[in-house]
Amino acid sequence: MVSAAAFSRFREQRYFGSLDGLRALSIIAVIWSHTGANGVTLFFAISGFLITTLLLRERERHGSIDLKAFYLRRTLRIFPLYYAVLLIYLIAVLTFENGTEAGEDFFSNLKYFATYTSNLFVPLDGRVIFFFAWSLATEEQFYLIWPPLMILLGSQGRALTLLGLVMAICVLAQWANNPWAGIVPIAITGGCALAILLHSEKGYALCHTVLGHSASGLAILALLVPALVWPALPDTLVHVLCVALVGACV
């Protein structure tokens, strides 16, 4: 039986230190495998959970979500460093790759890198300079779309219904090997759904029954770490495990 005190502690917690450890794990996975897709998946789950939790608590405290303040925070956090790195790559390509096929492709794709749309329009097969921008593009699209949707949907029940529908479509698309299947990562939508569930006392109790045991996190890690370092598990299962690991940690 989950005590009301445990739920209250969760609701009052402003900093989830364990998620810093998960970020470190995702970074190690990216470095280890170079492509790092599954490391990014874990980061997506963390992002979906944290952003939704912050927005839910803001709405509860103030009665609304301040979109202007949200976008300003995200812009100041990401844009300066992102565009500084893009400028460095532009200079490097002009210096070392000018006239090469990869260099020409980079300049052709520059408009997509600059507008956070490379995940939609830049094929990631072969040698793609600045290919890693796809993950930031996905994040920026999430930041752009999800907060207004939360406002429009209003209730947490409607938000959960929409997230469930989107996840079901994504799973079906993955099973069908649809090339657009990864545009909306299951890990992000799952992280959002986790945040909504944990925000209510009943949802918290339900999640705690599955994820609240002392061994839950270790059991999930035992399944997930091999997939993060040596990709082997089906993508859908990896996304679900990443979301479950975030839940176990918080």
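Here, every reference points to the structure presented above.
The structure displayed is predicted, hence computed values, not measured ones.

**Q** What is the right way to read the overall build of the protein from this model?
**A** Helices and strands together make up the secondary structure of the protein, namely 12 helices and zero strands. Listing every helix and strand of the protein by position from the N terminus yields α-α-α-α-α-α-α-α-α-α-α-α. Taken over the C-alpha trace, the protein has a radius of gyration of 19 Å; the compact-globule value for 250 residues is 18 Å, and the two agree within 12%. Principal-axis analysis of the C-alpha atoms gives the protein an extent of 65 × 40 × 35 Å.

**Q** Would you mind showing me how to read the packing of aromatic side chains here?
**A** Within a pair of aromatic rings, the relevant descriptors are the distance that separates the centres and the angle that separates the planes. Summed over the entire model, instances satisfying the criterion amount to 22 aromatic pairs. Ring centres of F44 and W134 lie 6.0 Å apart, and the angle between their planes is 80°; on these two criteria the pair is classed as edge-to-face. Taken together, the residues span a long stretch of sequence, with F44 in helix α3 (residues 37-62) and W134 in helix α7 (residues 133-153) at a distance of 90 residues. This pair shows no difference in class: F44 is buried, exactly as W134 is. Ring centres of F142 and Y143 lie 5.8 Å apart, and the angle between their planes is 45°; on these two criteria the pair is classed as tilted. Note on accessibility: F142 and Y143 belong to one class, buried.

**Q** So what exactly am I meant to see when it comes to the side chain of E139 here?
**A** On the secondary structure map, E139 appears in helix α7. Setting aside residues no more than four positions away along its own chain, E139 makes contact with F43, F44, S47 and I188.

**Q** What is the right way to look at the packing of helix α8 (residues 156-175) against helix α12 (residues 235-249) in this model?
**A** When two helices pack together, their arrangement is given by the angle between their axes and by how far apart the axes lie. Between α8 and α12, the shortest axis-to-axis distance is 10 Å and the interhelical angle comes to 145°. The residues of α12 that touch α8, namely those facing V171, Q174 and W175, are D235, T236 and H239. Classifying every residue of the contact of α8 with α12 gives two nonpolar, three polar and one charged.

**Q** Looking at this structure, I do not really get the layout of surface pockets. What am I missing?
**A** Any space left empty among the atoms is revealed by the rolling of a water-sized probe across them. Of the pockets and cavities examined, the largest pocket occupies roughly 1,500 Å³. Along the walls of the largest pocket sit 44 residues, with R23, F43, R74, R77 and Y143 positioned nearest its centre. Listed by contribution, the elements that provide at least two residues to the lining of the largest pocket are α1 (4-12), α2 (17-33), α3, α4 (67-97) and α7. The leading source of residues in the lining of the largest pocket is α3, at 13 residues. A breakdown of the residues in the lining of the largest pocket according to their chemical character gives 24 nonpolar, eight polar and 12 charged.

**Q** I keep staring at the environment of A133 and nothing clicks. Help me out?
**A** Considering the arrangement of structural elements, one finds A133 in helix α7. Residue classification places A133 among the buried residues on the basis of a relative accessible area of 1%. In this structure, the C-alpha to C-alpha distance between A133 and V122, residues 11 residues apart in sequence, is 9.8 Å.

**Q** Is there a simple way to explain α7 in this structure?
**A** Since the α-helix packs 3.6 residues into each turn, any two residues three or four apart lie on the same face. Its 21 residues give α7 an end-to-end C-alpha distance of 30 Å, which sits within 8% of 30 Å, the value for a rise of 1.5 Å per residue. In the stretch just after α7, G154 is the one whose phi turns positive, near 80°.

**Q** Quick question: what am I supposed to make of the pattern of salt bridges here?
**A** Should the charged atoms of two oppositely charged side chains come close, the side chains can pair. Under the criterion given, the structure shown has three salt bridges. With its nearest N and O atoms 2.0 Å apart, the salt bridge here joins E60 to R11. Here the residue E60 occupies a position in helix α3, and R11 occupies one in helix α1, the gap between them amounting to 49 residues.

**Q** Sorry if this is basic, but what is going on with helix α10 (residues 201-211) here?
**A** The complete set of buried residues in α10 reads G203, Y204, C207 and L211. The buried residues of α10 all sit within an arc of 100° when viewed along its axis, so they share a single face. The outward face of α10, more than 90 degrees from its buried face, is lined by the exposed residues K202, L206 and T209.

**Q** Help me understand a nonpolar patch on the surface, please; the structure alone is not making it clear to me.
**A** A cluster of nonpolar residues, L124, F131 and F132, forms a patch on the protein surface that exposes about 240 Å² of accessible area. By the element assignment, F131 lies in the loop between α6 (118-121) and α7. Taking relative accessible area as the criterion, F131 reaches 32% and is therefore assigned partly exposed.

**Q** I tried to follow unusual backbone geometry on my own but got confused; where do I start?
**A** The phi angle of most residues is negative, glycine excepted, and most peptide bonds adopt the trans form. One non-glycine residue, Y116, adopts positive backbone phi at about 55°. If you trace the backbone, Y116 turns up in the loop between α5 (101-114) and α6. One non-glycine residue, F130, lies in the positive phi region at around 70°. With respect to the element layout, F130 can be found in the loop between α6 and α7.

Basis of the calculations
Residues numbered from 1 in each chain as written. Predicted model: local features only at pLDDT ≥ 70, side-chain atom pairs only at ≥ 80, totals over all residues. Heavy atoms only, no water. Helix = DSSP H or I, 4+ residues; strand = E, 2+ residues; numbered from the N terminus. Rg over C-alpha atoms; globule rule 2.2 N^0.38 Å. Phe/Tyr/Trp six-rings, centres within 6.5 Å; stacked < 30°, edge-to-face > 60°. Buried < 20%, exposed > 50% of the residue type's maximum accessible area, 1.4 Å probe, protein only. Contact = heavy atoms within 4.5 Å. Axes fitted to C-alpha atoms, helices over the stretch in contact; angles between N-to-C directions. Nonpolar A, V, L, I, M, F, W, Y, C, P; charged D, E, K, R; others polar. 1 Å grid on protein atoms, 1.4 Å probe; cavity = no way out; pocket = protein on both sides within 12 Å on 5 of 7 lines; lining within 4 Å. Points joined across faces, edges and corners; volume = space filled by probe spheres on them. Expected span 1.5 Å × (residues − 1). Salt bridge = Lys/Arg side-chain N within 4 Å of Asp/Glu carboxyl O. Arc of directions from axis to C-beta. Patch = residues over 30% accessible without salt bridge, like charges linked within 9 Å, V, L, I, M, F, W, Y side chains within 5 Å. Areas by Shrake-Rupley, 256 points an atom, 1.4 Å probe, with all protein chains shown as cover.

Don't take any of this as a statement about function, it's just geometry.
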